[in-house]
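Okay, here's what each chain looks like letter by letter:
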Amino acid sequence: MRATVIHAPRDIRVEEVADPRIQEPTDVVVRVLRACVCGSDLWAYRGESAREPGQRIGHEFLGVVEEAGAGVQGFIPGDLVVAPFVWSDGTCAYCADGLTTSCDRGGFWGSAGSDGGQGEAVRVPYADGTLVGLPAAAASDDRLLTALLSLSDVLGTGHHAALGAGVTPGSTVAVVGDGAVGLCGVMAAKRLGAGRIIALGRHRTRTDIARGFGATDVVAERGEAAVAAVRELTRGEGAHGVIEAVGTEQSMRTAFGIVRDGGSIGYVGVPHGSGTGVDLGAMFDRNIALRGGVAPVRTYIPELLPDVLDGTIDPSPVFDLTVGLDGVPGGYKAMDERTALKVLVKP
């Protein structure tokens, strides 16, 4: 089959690789219908996170089960399924607690030796614990299928950030980061009942999506100017909750600067760079809570799926460029240059 591999920074290729096959009775093979490029993939693309030459890449996909191992109970060939960005067995103590990203037998798509999502097919370990079934009719609805793909990562990650930020009905929430995760954080905050949502971003196309997702205010400034603007909007107090969806020292400093005393920061931006921006002394003095990390999206999919299916929420606008498999290298370039928000891949 053909799949996306990374050889070196800014060297993304689509190559012939071995077809996936059933290796364990709990495996299935999924033919990919939709995949995408994630903002976190760009850290490997830019050389800021290490990858082996020729390693697969991509961790968001949905598709159709082509083959199922003898031990798989919940899926048969022909089933439409979505995969969270981490596989998990569904039976360990961490999975039972909903922290599927800490599963002892879990792993990330695209890790060394595994299939990546940006290819024609994927071997899925522990299919019963990992995959979530989708209505077969969704396969013929292009918009819905695109919206459902967001369940693989960005929608669940935005939800995780909103929970970490302690969003409650009527609360004021600020969102640092105008990428797909930040925008889904806006949607998640709205879904949880936030009364005011302040989106920090300076790209008009992205802030327009943020407003469509529920943002009531937009702050285009950065750094100290952004802190001052949010403080002015909130009578000097700051936001009850802040979603941090970037992962840099500056973005975390901004989050601390705009959160209200006693408030919470939900952080889901993959950390990169030399500093953290976290000041424990300030957290202590101001009673600030910091919660987040890798989102256990497998736990959230059953909760979020009905709202996507009935149109209560529609995250599909975060995908603003569509490519075939041959177009994936150009999709990385477009996202790196910020001419695309999130690239949809149709293998």
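Predicted model only: the values in this text are computed from it and were never measured.

Draft legend 1. Geometry of the sheet that holds strand S2 (residues 11–16). Sheet architecture is open: three strands sit in the order S2-S1-S4, paired in antiparallel fashion. Of all the strands in the sheet, the pair left with one neighbour each is S2 and strand S4 (55–56). Strand direction decides the pairing type here: strand S1 (residues 2–8) and S2, joined by six bridges, are antiparallel. Opposite Ala 3, over in S2, you have Glu 15 as the bridge partner. On top of the sheet, helix H12 (residues 328–336) reaches S1 and S2; it is set at about 160° to S2, its chief contact.

Draft legend 2. Geometry of the nonpolar core. Of all hydrophobic cores here, the largest spans 51 residues; its most connected members are Leu 62, Leu 148, Leu 151, Leu 155, Ile 243, Val 308 and Val 318. With eight residues, the single largest contributor to this core is helix H6 (residues 180–191). Setting aside residues no more than four positions away along its own chain, Val 318 makes contact with Ala 180, Leu 183, Cys 184, Phe 213, Leu 341 and Lys 342. Judged by nonpolar contacts, the second largest core, of 32 residues, contains Val 30, Val 32, Val 81 and Val 323.

Draft legend 3. Quick peek at the environment of Thr 299. Note on placement: Thr 299 falls in helix H11 (residues 297–309). Setting aside residues no more than four positions away along its own chain, Thr 299 makes contact with Gly 98, Leu 99 and Thr 100. A polar contact of 2.7 Å, which involves the side chain of Thr 299, links it to the backbone oxygen of Gly 98.

Rules used throughout
- Residues numbered from 1 in each chain as written.
- Predicted model: local features only at pLDDT ≥ 70, side-chain atom pairs only at ≥ 80, totals over all residues.
- Heavy atoms only, no water.
- Pairing = 2+ DSSP bridges.
- Helix = DSSP H or I, 4+ residues; strand = E, 2+ residues; numbered from the N terminus.
- Contact = heavy atoms within 4.5 Å.
- Axes fitted to C-alpha atoms, helices over the stretch in contact; angles between N-to-C directions.
- Core = buried A, V, L, I, M, F, W, Y, C linked by side-chain atoms within 4.5 Å.
- Buried < 20%, exposed > 50% of the residue type's maximum accessible area, 1.4 Å probe, protein only.
- Polar contact = N/O pair within 3.5 Å; in protein donor to acceptor, adjacent residues only side chain to side chain.

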